[in-house]
Amino acid sequence: MSEIKERLAHVMDRIHEAEKRSPYGQKVTLVAVTKFHPLEDMEEAIGLGVSQVGENRVQEMEEKFKALTLPVVWNLQGHLQKNKVKKAVAMADLIQSGDSLDILREIDRRAGEIGKVQDVLLEFNISGEESKHGMAPDSLDDVCREASLLPHIRVKGLMCMAPAYEDVEKTRPVFRKAHSMWEDMKKKFPEGQISILSMGMTHDFEIAIEEGANMVRIGTAIFGERHYH
């Protein structure tokens, strides 16, 4: 059995166990984060049943997007610069990093140019860490109001990142707050539209699921350590 196959099976077991512990009874979608991992690793994971992949950089996504022949759902989850939005909109099924009103307006504009309605998540910086992108939690009402008026984006939910605490239990308040905000968002958009709560990565995804995440973004636990280039 290949290392990726073994690791992926282990991750899926951990996801299913965490689902059982969650009080929300949700089903969890895995996004396999392939940034800095070669195309072959992505292809192997898709062959093993992974249906969604995540990339952080538009340039790397573009290289793989052009080369991949297998069907998969593409998630862009890294901070998006304005000058990369046109390319992102051409490729991404879901842009998870809608981290400012400015970028949401640009996504709307670029999607409109190609007659697309782009699915996005609103990214909030719930922990308040300066090193993290995302909007302030107290801007939720204003952001939802404006985003709902943009005709070429469809807000599907919320994305957040917790601090990389040694003690992973400390992430709970961040995830709990995100879940509460996500529930609040449901009242601000048409029924059923707000369906994705994306939170939890390799080091904290089990806690995120226990606190209500229904999408987790996992790279290292599946593909091993990244070789940065």
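Provided above is the structure to which this section pertains.
What counts as what
Residues numbered from 1 in each chain as written. Predicted model: local features only at pLDDT ≥ 70, side-chain atom pairs only at ≥ 80, totals over all residues. Heavy atoms only, no water. Axes fitted to C-alpha atoms, helices over the stretch in contact; angles between N-to-C directions. Helix = DSSP H or I, 4+ residues; strand = E, 2+ residues; numbered from the N terminus. Parallel < 35°, antiparallel > 145°, perpendicular 65-115°, else oblique. Contact = heavy atoms within 4.5 Å. Nonpolar A, V, L, I, M, F, W, Y, C, P; charged D, E, K, R; others polar. Left-handed = near helix turned anticlockwise from the far one by under 90°. Polar contact = N/O pair within 3.5 Å; in protein donor to acceptor, adjacent residues only side chain to side chain. Expected span 1.5 Å × (residues − 1). Buried < 20%, exposed > 50% of the residue type's maximum accessible area, 1.4 Å probe, protein only. Salt bridge = Lys/Arg side-chain N within 4 Å of Asp/Glu carboxyl O.

Looking now at the packing of helix H5 (residues 101-113) against helix H6 (residues 140-147). Taken N-terminus to C-terminus, the directions of H5 and H6 make an angle of 10°; their axes are 11 Å apart at the nearest point. In terms of orientation, H5 lies roughly parallel with respect to H6. Contacts between H5 and H6 pair Leu101, Leu104 and Arg105 from the former with Val143, Glu146 and Ala147 from the latter. In the contact of H5 with H6, the residues fall into four nonpolar, no polar and two charged.

Below, the discussion takes up the packing of H6 against helix H7 (residues 172-186). The interhelical angle for the contact between H6 and H7, taken along N-to-C directions, is 40°, at an axis separation of 11 Å. As the angle between them shows, H6 and H7 are arranged oblique. Here H6 runs over H7; the crossing is right-handed. Two secondary-structure elements touch here, H6 through Leu140, Asp141 and Cys144 and H7 through Met181, Asp184 and Met185. Across the contact of H6 with H7, the residue classes break down as four nonpolar, no polar and two charged.

Turning our eyes to something else, we now look at the side chain of Gln193. When you line up the elements, Gln193 lands in the loop between H7 and strand E7 (196-198). A polar contact is formed between the side chain of Gln193 and the backbone oxygen of Val155, at a distance of 3.0 Å. The residues contacting Gln193, other than those within four sequence positions of it, are Arg154, Val155 and Lys156.

Here we come to H5. Taking 1.5 Å per residue, 13 residues should reach 18 Å; H5 reaches 19 Å between its end C-alpha atoms and fits that length. Every buried residue of H5 is listed here: Ile103, Leu104, Glu106, Ile107, Asp108 and Ala111. Its buried side turned inward, H5 meets helix H4 (85-91), strand E4 (94-98), strand E5 (118-123), H6 and strand E6 (153-159). Once H5 ends, the next one or two residues include Gly115, with phi positive near 65°.

Between side chains of opposite charge, a pair can form as their charged atoms come close. This structure, assessed with the given rule, holds 27 salt bridges. Residue Asp102 pairs with Lys82 through a salt bridge whose shortest N-O separation is 3.9 Å. Of this pair, Asp102 sits in helix H5 while Lys82 is found in the loop between strand E3 (73-76) and H4, placing the two residues 20 residues apart along the sequence. Accessibility expressed as a relative area gives 44% for Lys82, which makes it partly exposed. What emerges from the salt-bridge pattern is a single network uniting Arg21, Glu169, Arg172, Arg176, Glu210 and Glu211.

Mapped onto the elements, Val143 comes out in helix H6. Taking the relative accessible area as the measure of exposure, Val143 reaches 3% and is therefore buried. Considering only alpha carbons, one finds Val143 and Leu122, 21 residues apart in sequence, at a separation of 8.6 Å. In this structure, Val143 is in contact with Leu101, Leu104, Leu122 and Met135, ignoring residues within four places of it in sequence.

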